[in-house]
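The residues making up each chain are set out below.
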Amino acid sequence: MTTTAVTHIASLVTNDPSLGNGTPLGLIQDAAVVIDGDRIVWTGESSKAPATDNVLDAAGRAVIPGFVDSHSHLVFAGDRTQEFNARMSGQPYRAGGIRTTVAATRAASDEELSANVARYLAEALRQGTTTFETKSGYGLTVEDEARALRIASRHTDEVTYLGAHIVSPDYADDPAGYVDLVTGPMLEACAPHARWIDVFCEQGAFDGDQARAILTAGRAKGLHPRIHANQLTYGPGVQLAVELEAASADHCTHLTDADVDALGQGNTVATLLPGAEFSTRATWPDARRLLDAGATVALSTDCNPGSSFTSSVPFCVALAVRDMGMTPDEAIWSATAGGAAALRRTDIGRITPGARADLVLLDAPSHVHLAYRPGVPLVSAVWRSGRRVV
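What comes next is a walk through the structure. (Residues numbered from 1 in each chain as written. Predicted model: local features only at pLDDT ≥ 70, side-chain atom pairs only at ≥ 80, totals over all residues. Heavy atoms only, no water.)

What follows is about the overall build of the protein. Check the secondary structure of the protein and you find 14 helices and 17 strands. Expected size for 390 residues packed as a compact globule is a radius of gyration near 21 Å; at 21 Å, the protein falls within 12% of this value. The C-alpha extent of the protein, read off along each of the three principal axes, is 70 × 45 × 45 Å. For the protein, buried positions account for 57% of its 390 residues. Sequence separation of 24 or more characterises 69% of the internal contacts of the protein that already satisfy a separation of 6 or more. Carbon and sulfur atoms make up 49% of the accessible area of the protein, which amounts to about 14,800 Å² in all. (Helix = DSSP H or I, 4+ residues; strand = E, 2+ residues; numbered from the N terminus. Rg over C-alpha atoms; globule rule 2.2 N^0.38 Å. Buried < 20%, exposed > 50% of the residue type's maximum accessible area, 1.4 Å probe, protein only. Contact = heavy atoms within 4.5 Å. Areas by Shrake-Rupley, 256 points an atom, 1.4 Å probe, with all protein chains shown as cover.)

Below is the structure:
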């Protein structure tokens, strides 16, 4: 293996408060990073960088950790352009549109679904995403959910079983029967291909008791819980997530004071998905309220064909700063280290010795430009596991 140094970095985000300026971002000015194989082995001032086999001059540009997108739905076919057009013409968002994607996904071949995942991952990679989670949830039969997870596992280790996305149209008159399927034969078929189990705990999907049964069954099979919580209305999702020590409660749009306190005092990450609010003209999550309560906050895209068809973490960073009360520093941390926390990972989301060498070189002198210049393609180069891929 050869060593590579990236030198003359104007501003390096390490996410290690023991480095640099002592803030959560651990900013180092005029910095360098040394990569050996797939790992970071040194960070510090550029003038003190050790000798390496290769050197890349960042020429006064910023470097940040690769984005960690901890919530996406990429195993699908078709799109929902007509639904989006109707919504932008005044119709409210309802979760029932998922059924349209279910029909298209069931009809697609394995090859078509895998090609779609690869396409959206390449799109995300060009925008700096080096780790992503993705879910099933558009099959809703034993066979279709299991094949979605098999396909997803070809592309990432962070795979989530979401048979409980909505009640399958096949069980429209028997939701209890569908819960039995999700916690029985479907779970048996899907558990070998997933790390996580998720449920959409929401009016029109699954109530608190159903969600508890689903997540508890998944945990008994070795899957770690996460949950779609409090997106469309106030509900039991956040409290259930904290009770079951879920890694993440995702959306967190409608929160009571008790919900905020629970997230602030527990170990469950609040994952905010501003692309969904942007695409549905819904109320923005109040990130400031969560952060001030001491909650760990992650930012993710929720990339899916219905309510948030974006793969751009930089776009979500800009939305979080503009409309959710986050500072640029907080948003960058949440899109990197926060996403890692939501996946319970310590090897990604930071640029410190021992971490996986996932780096993004920005065509800008500071990470603040991601919010300051929204919509501008600022990602100049990307390394994943020590290999330059963009």
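Once the structure has been displayed, the description carries forward.
Turning our attention to the packing of aromatic side chains. For the coordinates displayed, the defined rule picks out seven aromatic pairs. Judged by centre distance (5.5 Å) and plane angle (55 degrees), the ring pair of Y171 and Y178 falls under tilted. On the basis of relative accessibility, which here comes to 26%, the residue Y171 falls in the partly exposed class. Counting every residue linked through ring pairs, the aromatic cluster contains F76, Y120, Y138 and F309. The ring centre of W196 lies 4.4 Å from the NZ or CZ of R226, which sits over that ring. (Phe/Tyr/Trp six-rings, centres within 6.5 Å; stacked < 30°, edge-to-face > 60°. Lys NZ or Arg CZ within 6 Å of the ring centre and 35° of its normal.)

Ranked by internal contacts, the top residues of the largest apolar core, which has 86 residues, are Y161, F206, I227, L263, L290 and L299. Each residue touching L299, except ones within four places of it in the same chain, is listed here: V68, L272, P274, C316, V317, A320, M324, M326, A331, S334 and A335. In this structure, V6, V63, A357 and L361 belong to the second largest nonpolar core, which totals 16 residues. (Core = buried A, V, L, I, M, F, W, Y, C linked by side-chain atoms within 4.5 Å.)

Glancing now at the pairing of strand β3 (residues 39-45). In the sheet, strand β2 (residues 28-36) pairs with β3 via six bridges, with the strands oriented antiparallel. If you follow I35 over to β3, its bridge partner there is I40. Hairpin connection of β2 to β3: two residues between the antiparallel strands, including G37 at a positive phi of 65 degrees. (Pairing = 2+ DSSP bridges.)

Another aspect to go through is the state of the cysteines. Taken as a whole and judged by the stated rule, the model has zero disulfides. Just so you know, C201 is unpaired, no disulfide at all, and the nearest cysteine sulfur is the one on C252, 12 Å from it. With no disulfide of its own, C303 lies 9.3 Å from the sulfur of C316, the closest cysteine sulfur. (Disulfide = S-S within 2.5 Å.)

Time to look at helix α3 (residues 110-126). The end-to-end C-alpha separation of α3 is 25 Å, in line with the 24 Å expected for 17 residues at 1.5 Å each. The elements touched by buried residues of α3 are α2 (98-107), β7 (129-135), α4 (142-153) and β16 (379-384). G128 sits one or two residues past α3 and shows a positive phi near 100 degrees. (Expected span 1.5 Å × (residues − 1).)

Before going further, it helps to examine the environment of T280. Looking at where T280 falls in the secondary structure, it is placed in helix α10 (residues 274-280). The spatial distance from the C-alpha of T280 to the C-alpha of G306 is 9.3 Å, given a sequence separation of 26 residues.

Another point: the pairing of strand β9 (residues 196-201). In regular strands, side chains alternate between the two faces of the sheet. Of all six residues in β9, six are buried; the element is thus mostly enclosed. Pairing analysis gives three bridges linking strand β8 (residues 158-164) to β9, with the strands arranged parallel. The residue bridging Y161 from the neighbouring strand is I197, located in β9. Here β9 runs beside strand β10 (residues 224-225); their pairing, made up of two bridges, is parallel. Note that in β10 the partner of W196 across the bridge is H224. Traced from β9 through helix α7 (residues 208-220) to β10, the parallel crossover comes out right-handed. Where β9 and strand β11 (residues 227-229) come together, two bridges link them in parallel fashion. Paired with C201 across the two strands is A229, which belongs to β11. (Right-handed = clockwise from strand over helix to strand, strands pointing away.)

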